[in-house]
Amino acid sequence: MKQQEVRRRAFAMPLTSPAFPPGPYRFIDREYMVITYQTDPDAIQEILPEPLQMTEPVVKYEFIRMPDSTGFGDYTESGQVIPVSFRGELGSYVHAMFLDDQPPIAGGRELWGFPKKAGNPKLEVARDTLIGSLDFGPLRIATGTMGYKYQTLDHAALMDSLAEPNFLLKIIPHVDGTPRICELVRYHTTEVTIKGAWQAPGALELHPHALAPVAELPVRKVLSAKHFICDLTLELGTVAFDYLQQ
């Protein structure tokens, strides 16, 4: 294969059989359960990378079903998102994500810098309860529950929150193990259509694990539980801050 052909085809690894296709990445009937809780502010400060700043000691724990995702297939995801500000701009920092499908693990890490690891998350309905769970290996590390479709949520407020920017810490090592890319990435979700949104009483339980430390942001008090279904497009990102240039 000639050099120019390598350059032309280079998009993702492996060269001749990329783990994921080029975008755009459209999600249909994406279903969320988001449990917002108070945590220890010192625990957030310990893991939040500057120049992001904590706005309040709050974490959003997410369980997400994605049954129809362009190029990525049918999968489930679970993890933690922290409300932050970046130079006065309000948004969210994605701290941890665990999922059960190789293409979005590879694509999420290589394109955007999502902190994705393989796990076994689930989101399902058991009679009157929406249940989210996350297993890492044979161990249960997160369980979330909420009442099923108790009270309708205001779509306008939800749309405003989905329009806010999201931030990621993208790290790509050099061949000698030193960082070749270390940057704060900003991305947005667009073309959002909300198909239903509800709130209800919720509960969340996190368990310690050496390699999946979701419990290091401990649950002090559950503030809200939201369930919504939407279509959206996951846009590619932009570099908000380059650590290697400072």
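- An unreviewed UniProt entry lists the chain under the name Acetoacetate decarboxylase, with Chromobacterium paludis given as the organism.
- Per its UniProt entry, the chain bears the Function (unreviewed entry) comment "Catalyzes the conversion of acetoacetate to acetone and carbon dioxide."
- According to its UniProt record, the chain has this under Catalytic activity (unreviewed entry): "acetoacetate + H(+) = acetone + CO2".

## Re the pattern of salt bridges
Next up, step 1: The tally for this structure, following the rule as stated, stands at nine salt bridges.
Next up, step 2: Glu5 is the salt-bridge partner of Arg8, the closest N and O atoms lying 2.8 Å from each other. Taken together, the residues span about one helical turn, with Arg8 and Glu5 both in helix H1 (residues 3–9) at a distance of three residues.
Next up, step 3: What makes Arg8 exposed here is its relative accessible area of 61%.
Next up, step 4: Taking the relative accessible area as the measure of exposure, Glu5 reaches 25% and is therefore partly exposed.
Next up, step 5: Between Glu77 and Lys116 there is a salt bridge whose closest N-O contact spans 2.3 Å. Here the residue Glu77 occupies a position in strand E4 (residues 73–86), and Lys116 occupies one in strand E6 (residues 116–118), the gap between them amounting to 39 residues.
Next up, step 6: Linked through salt bridges whose partners overlap, the residues forming this network are Glu5, Arg8 and Arg9.

## Quick word on the UniProt feature "active site" (unreviewed entry) in the chain
Next up, step 1: Mapped onto the present numbering, the UniProt feature "active site" (unreviewed entry) falls on Lys116.
Next up, step 2: Residues in contact with Lys116, not counting those within four places in the same chain, are Glu77, Met97, Leu99, Pro104, Ile105, Gly108 and Arg109.
Next up, step 3: For Lys116, the side chain forms a polar contact with the side chain of Glu77, separated by 2.3 Å.

## As for the side chain of Asn166
Next up, step 1: If you trace the backbone, Asn166 turns up in strand E11 (residues 166–173).
Next up, step 2: Residue classification places Asn166 among the buried residues on the basis of a relative accessible area of 14%.
Next up, step 3: Each residue touching Asn166, except ones within four places of it in the same chain, is listed here: Ser92, Val185, Arg186 and Tyr187.

## Quick look at the side chain of Arg65
Next up, step 1: Here Arg65 shows up in strand E3 (residues 58–69).
Next up, step 2: In terms of polar contacts, Arg65 uses its side chain to reach the side chain of Asp74, at 2.9 Å.
Next up, step 3: Here Tyr75 takes part through its backbone oxygen, which lies 2.8 Å from a polar atom of the side chain of Arg65.
Next up, step 4: Excluding anything up to four places from it in sequence, Arg65 contacts Asp29, Arg30, Glu31, Asp74, Tyr75, Thr76 and Leu123.

Reading the values: rules and limits
Residues numbered from 1 in each chain as written. Predicted model: local features only at pLDDT ≥ 70, side-chain atom pairs only at ≥ 80, totals over all residues. Heavy atoms only, no water. UniProt positions renumbered as here; feature names shortened; annotations may be inferred. Salt bridge = Lys/Arg side-chain N within 4 Å of Asp/Glu carboxyl O. Helix = DSSP H or I, 4+ residues; strand = E, 2+ residues; numbered from the N terminus. Buried < 20%, exposed > 50% of the residue type's maximum accessible area, 1.4 Å probe, protein only. Contact = heavy atoms within 4.5 Å. Polar contact = N/O pair within 3.5 Å; in protein donor to acceptor, adjacent residues only side chain to side chain.

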